[in-house]
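Analysis of the macromolecular model
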Amino acid sequence: MNPATRAEQQLYAKLLKERYGSLDQLEAERYPRDAVSAERAQGGASEEQWRRQVREIATRYSWQLQYHTADSRRSDAGWPDEVFGHIKQRRTLFIEFKTDDGRLRPAQRAWLAHLSDSGFEVALWRPSDLHTVLRVLGPARQRAILPPSFRRPTS
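Here is a short report on the structure shown in this document. All of these numbers come straight from a predicted model, not from anything done at the bench.

1. A short note on the environment of Trp125
Structurally, Trp125 is set in strand S4 (residues 121-125). Overall, Trp125 belongs to the buried group, its relative accessible area being 3%. Placed 21 residues apart in sequence, Trp125 and Leu146 show a C-alpha to C-alpha distance of 8.7 Å. If sequence neighbours within four positions are ignored, Trp125 has contacts with Trp50, Val54, Leu93, Ile95, Glu96, Phe97, Lys98, Thr132, Val133, Val136 and Leu137.

Right, dumping it as structure tokens:
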């Protein structure tokens, strides 16, 4: 196993532990005695928690030029949540964050399709996409693409 793969696996294990807790905690949740916590029942991390987690990963892999729409009421409707840049790799990513059950608004769908069709790297990332996030931001340098389930706007 090469050092880059090992580092990626260690980071993945660390992030899983941070998100889900220790193995003992996972087993306790798998075989609960009491009701599942409200956070687990509602699907885990909020969109903001997920965005911050990805931003931390991006920083670890030297991504810069992080732009975040702090208040979407003051920006164009549908513009992606984050823009990451990596100077050495000459890459720019446009990223929309959603919870695992979050839905895209029509304006978001339109912007993501437009940016993707224009040749930019565009991603729609959910907490269940952690492995993909690590492959795109990490040493594997996988190109960011929209998920196969992405439906282009009809117009």
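2. Observations regarding the pattern of salt bridges
Enumeration according to the criterion identifies 9 salt bridges in this entry. Glu48 is paired through a salt bridge with Arg51; the nearest N and O atoms lie 2.6 Å apart. Taken as a pair, Glu48 and Arg51 lie in helix H4 (residues 47-60) at a separation of 3 residues, close to a single helical turn. A residue is classified by how much of its surface remains accessible, and Arg51, at 8% relative accessible area, is buried. Between Arg143 and Glu121 there is a salt bridge; the shortest N-O distance is 3.9 Å. Residue Arg143 is found in the segment after helix H6 (130-137), and its partner Glu121 is found in strand S4; the two are separated by 22 residues along the sequence.

3. Observations concerning the packing of aromatic side chains
Going through the model one piece at a time under the given rule, you end up with 4 aromatic pairs. An angle of 90 degrees between the planes, with centres 6.4 Å apart, marks the rings of Trp50 and Phe97 as edge-to-face. Taken as a pair, Trp50 in helix H4 and Phe97 in strand S3 (residues 91-97) lie far apart in primary sequence, 47 residues in all. On the basis of relative accessibility, which here comes to 0%, the residue Phe97 falls in the buried class. When the centroid spacing of 4.8 Å and the interplanar angle of 85 degrees are considered together, the rings of Trp79 and Trp111 count as edge-to-face. Of the two residues, Trp79 is situated in the loop between strand S1 (64-68) and strand S2 (82-86) and Trp111 in helix H5 (residues 106-117); the sequence distance between them amounts to 32 residues. Its relative accessible area of 25% is what places Trp79 among the partly exposed residues. Using a relative accessible area of 27% as the deciding quantity, one classes Trp111 as partly exposed. Among the aromatic side chains, those forming a connected cluster through ring pairs are Trp79, Phe94, Trp111 and Phe120. Directly above the aromatic system of Phe150 lies the positively charged group of Arg109, at a separation of 5.5 Å from the ring centroid.

How each quantity is defined
Residues numbered from 1 in each chain as written. Predicted model: local features only at pLDDT ≥ 70, side-chain atom pairs only at ≥ 80, totals over all residues. Heavy atoms only, no water. Helix = DSSP H or I, 4+ residues; strand = E, 2+ residues; numbered from the N terminus. Buried < 20%, exposed > 50% of the residue type's maximum accessible area, 1.4 Å probe, protein only. Contact = heavy atoms within 4.5 Å. Salt bridge = Lys/Arg side-chain N within 4 Å of Asp/Glu carboxyl O. Phe/Tyr/Trp six-rings, centres within 6.5 Å; stacked < 30°, edge-to-face > 60°. Lys NZ or Arg CZ within 6 Å of the ring centre and 35° of its normal.

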